[in-house]
Amino acid sequence: MLKKKYLKRKDICKVTFYTAPELTAESVALVGEFNDWSESATPMTALKDGRFKATVDLPRNKRYQFRYLINECEWDNDWAADQYVPNPFYGDNSVVEV
């Protein structure tokens, strides 16, 4: 799930990424174009309801591909993303538009 908050005084959108509550994981990282696909740059925080979340400031009027890296070995999409595009490895990447 994505939650977007557009800032009035800056060309920035604060996007909060949430995993699905039914996800079973010890760790999740947010990996995407906005962090050069780094698997360690944006770790997500575990919430009491079982979801994980991370907030990223993104420049507006752009699209960003991303995925979730679960337990450092399994890739998953955000099934509430704005779009999906094929990736060169296998399957699709999630897309957030801001």
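Below you will find a few notes about this structure.

About the criteria used
- Residue positions are counted from 1 within each chain, in the order its sequence is given.
- For a predicted model such as this one, the threshold for reporting local features is a pLDDT of at least 70, and the threshold for listing and counting side-chain atom pairs is 80 or more; totals across whole chains, interfaces and linings nevertheless cover every residue.
- Hydrogens and waters are ignored; side-chain quantities use all the structure's heavy atoms.
- Strands here mean DSSP runs of E at least two residues long; helices mean DSSP runs of H or I at least four residues long; both are numbered from the N terminus.
- Polar contact is defined as a pair of N or O atoms within 3.5 Å, subject to the rule that within protein one atom must be able to donate a hydrogen and the other to accept it, and that residues adjacent in sequence are counted only when both atoms are side-chain atoms.
- Whether two residues are in contact is decided by their heavy atoms, any of which lying within 4.5 Å being enough.
- Here, a strand pair is defined by DSSP locating no fewer than two bridges between the strands.

Below, the discussion takes up the side chain of Asn-77. Within the secondary structure layout, Asn-77 lies in the loop between strand E7 (74-76) and strand E8 (83-86). For Asn-77, the side chain forms a polar contact with the main-chain oxygen of Asp-92, separated by 3.1 Å. Polar contacts involving the side chain of Asn-77 include one to the side chain of Ser-94, which spans 3.3 Å. Apart from the residues lying within four places of it in its own chain, the contact partners of Asn-77 are Phe-66, Arg-67, Tyr-68, Asp-92, Asn-93 and Ser-94.

Spatial strand order, E1-E2-E5-E4: four strands in an open sheet with antiparallel pairing. The strands lining the two open edges of the sheet, one partner per strand, are strand E1 (2-6) and strand E4 (45-46). Sheet topology note: the E1/strand E2 (residues 12-18) ladder contains five bridges and is antiparallel. By the bridge assignment, Lys-5 is partnered in E2 with Lys-14.

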